[in-house]
Amino acid sequence: MSERKQREEAERLATDVLKNGTNAQRRGLFVSAAAFGAAAMLAGGTTPASAQTAAPTPAAAPPPARRPILKDDSRVLNIGATVRSGNYWNFKTFMTPVEEFYVRNHYATPTAEQRPILARENWKLRIHGTSVERPIELSYNDLLGMRSRSIIATMECHGNGRTLFWEQDGLSGQQVAGGNWVMGAVGQAEWQYVPMSEIFARVGIKPGARTVLFWSGVDGNDMGRPMPYSDVVSLQDDMGVCFAMNGNPLIPDHGAPVRMVVPGWGGTASIKWLTEIRVTDRRVWSRLNTRGEVYIGPTYARPEFAPDDEFIGVTADDIQGPMVTWMPPKSFITVPLVLERSPSVPANYPLQRGQVPRLSAGQQDLTGYAWAPQHGVRGVEVRIDGGAWQQATIRPPNLGKYTWVRFTAPWNATAGQHVIETRTTDNSGTTQPTTVPLNSLGMANWAIPKFRVEVA
Ligand SMILES: Nc1nc2c(c(=O)[nH]1)N[C@H]1C(S)=C(S)[C@@H](COP(=O)(O)O)O[C@H]1N2
Ligand SMILES: [Mo]
């Protein structure tokens, strides 16, 4: 296919996904229903509601005015009105298909119909601030004309694994607030972006810059996040202004037309529906680095603030803990975690509350995923029923620190109840711990997960 043809095809696909009724999606529904069926069998044979309602619907009806998530619901786990998780127990691929990639919004997904600024022909990115030599405004076409590169990287919500605070003994979960992410608020995609190095070269940065504020303000007027300038500089080729995911234009749920991508950092740094980048010589506080997406708890010190700091929609009283930055080493096996104590069980979770997934007895391979984006995965271990840790086999590809790895571990399963644990060690020698200190927003839980199964 010619490059133009490819682009047209990608655009058509993106538009079709918006209309929410393509053949590709209908095929997807069946694939997904089959996968759910398999998961349900594993779980003990009940047919999940999603499989029963997966019949194709005609594309004729116009979408309701404010549809929170545009994705086909049957392919992802419905955690809440504006959040969807990947079905991690079904993950098989190295790259996560966009349709199965988790969505995490604080507000409803905004579309170009509701917010014309999000139409590619209207979109503008303002790059300015006291530390910028030559402020500019970029159009979508301007951005596409700049030097871009792509990176394969995981994206993970800080809240991924919050469920472990509720479900695992010793993690003192009662005081944790937030959505019931199990392990699937993580995915891996190829992100195409204009690197920050290119943006900085274009506008020129004055000495003394301290903060880069990445701002949307489109979905909600508090949606934007400050990042220390020094961190942006150290990541400047690896992070940037992103316009494509897995080779196609971004779809609304993932920030169309343009978002940030900050690989390895918790998802909040990757502001979607981006409209503004401001570089300033002051420190900046907003919702997402004061009382949202921060570690709040007895072992975490509140950051200091200075009188000349800038406050956007918050006050110094809102500063409750340090912001989450790099995601820690993590791993899981592709088995649904038993939910007993979590405040909710997602609508289409493959297990009912307290239900234990079933595996068949005999020799088999456990499969899983591990990632450690700050330093890269060195190894993964698995153990059964508290026995000795066994090295798992890492399957290629392993493309560097930002990518996850898939692993397998042989197991001769005997009848009865078992607990399977996984832990990853990164290239700096850090290994997942047994427990993590409490933080009341349930951020970045990287404790060794315990998967209970019943072998029959
Ligand atoms: N404008 C805006 N950007 C945002 C958010 C948001 O609510 N609004 N959520 C953030 C969070 S918490 C995460 S984890 C990632 C999720 O990206 P995804 O939905 O493409 O997976 O987007 C980030 N960017
Ligand atoms: Mo997030």
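Residues numbered from 1 in each chain as written. Chains lettered and ligands numbered in written order. Predicted model: local features only at pLDDT ≥ 70, side-chain atom pairs only at ≥ 80, totals over all residues. Heavy atoms only, no water.

Q: When you look at the site of ligand 1 in this model, what are you seeing that I'm missing?
A: The environment of ligand 1 is made up of 20 residues, and the closest members are His-106, Asp-219, His-254, Arg-259 and Lys-272. Tyr-102 places a polar main-chain atom, nitrogen or oxygen, 2.8 Å from an oxygen atom of ligand 1. Within the backbone of Ser-270, a nitrogen or oxygen atom sits 3.1 Å from a nitrogen atom of ligand 1. A total of 530 Å² of accessible area belongs to ligand 1 in isolation, and the protein chains cover 100% of it. Each residue belonging to the shell around ligand 1 can be placed in one class, and the counts come to seven nonpolar, seven polar and six charged. (Near = heavy atom within 4 Å. Polar contact = N/O pair within 3.5 Å; in protein donor to acceptor, adjacent residues only side chain to side chain. Areas by Shrake-Rupley, 256 points an atom, 1.4 Å probe, with all protein chains shown as cover. Nonpolar A, V, L, I, M, F, W, Y, C, P; charged D, E, K, R; others polar.)

Q: Teacher, can you tell me more about the packing of aromatic side chains here?
A: Aromatic rings considered in pairs are described by the distance between their centres and by the relative angle of their planes. A complete count under the given rule lists 17 aromatic pairs for this structure. Measuring from ring centre to ring centre gives 6.1 Å for Tyr-102 and Trp-181, while their planes differ by 80°; the resulting arrangement is edge-to-face. Taken together, the residues span a long stretch of sequence, with Tyr-102 in the loop between β2 (83-85) and β3 (103-104) and Trp-181 in the loop between α5 (163-167) and β7 (186-195) at a distance of 79 residues. Grouping residues by exposure puts Tyr-102 and Trp-181 together as buried. Centroid distance Phe-200 to Tyr-229: 5.6 Å. Interplanar angle 50°. Geometry classified as tilted. You can see Phe-200 sitting in helix α6 (residues 196-203) and its partner Tyr-229 sitting in helix α7 (residues 229-234), a full 29 residues away along the chain. Accessibility assignment for this pair places Phe-200 and Tyr-229 in one class, buried. Through a chain of ring-to-ring contacts, the aromatic side chains of Tyr-88, Trp-89, Phe-91, Phe-332, Tyr-349, Tyr-369, Trp-371 and Trp-404 assemble into a single cluster. (Phe/Tyr/Trp six-rings, centres within 6.5 Å; stacked < 30°, edge-to-face > 60°. Helix = DSSP H or I, 4+ residues; strand = E, 2+ residues; numbered from the N terminus. Buried < 20%, exposed > 50% of the residue type's maximum accessible area, 1.4 Å probe, protein only.)

Q: Would you explain the pairing of strand β8 (residues 211-215) in this entry?
A: Taken residue by residue, a regular strand's side chains alternate between the two faces of the sheet. Burial runs high along β8: five of the five residues are buried. Burial of the side chains of β8 extends over both faces: Thr-211, Leu-213 and Trp-215 are buried on one face and Val-212 and Phe-214 on the other. As judged from the five bridges shared by β8 and strand β9 (residues 224-228), these two strands associate in the antiparallel manner. Bridge pairing in β9 links Trp-215 to Gly-224. (Pairing = 2+ DSSP bridges.)

Q: Could you clarify how one ought to interpret unusual backbone geometry in this entry?
A: Glycine aside, a negative phi is what most residues show, and trans is what most peptide bonds show. The step from Ala-256 to Pro-257 runs through a cis peptide bond, and the omega angle for that step is 5°. Locating Pro-257 in the fold gives a position in the loop between β11 (248-249) and β12 (259-261). Of note, the bond from Pro-396 into Pro-397 is cis; its omega dihedral lies within 30 degrees of zero at 0°. Within the secondary structure layout, Pro-397 lies in the loop between β21 (393-395) and β22 (405-413). The residue Asp-385 is not glycine, and still its phi comes out positive at about 50°. Inspection of the secondary structure puts Asp-385 in the loop between β19 (377-384) and β20 (390-391).

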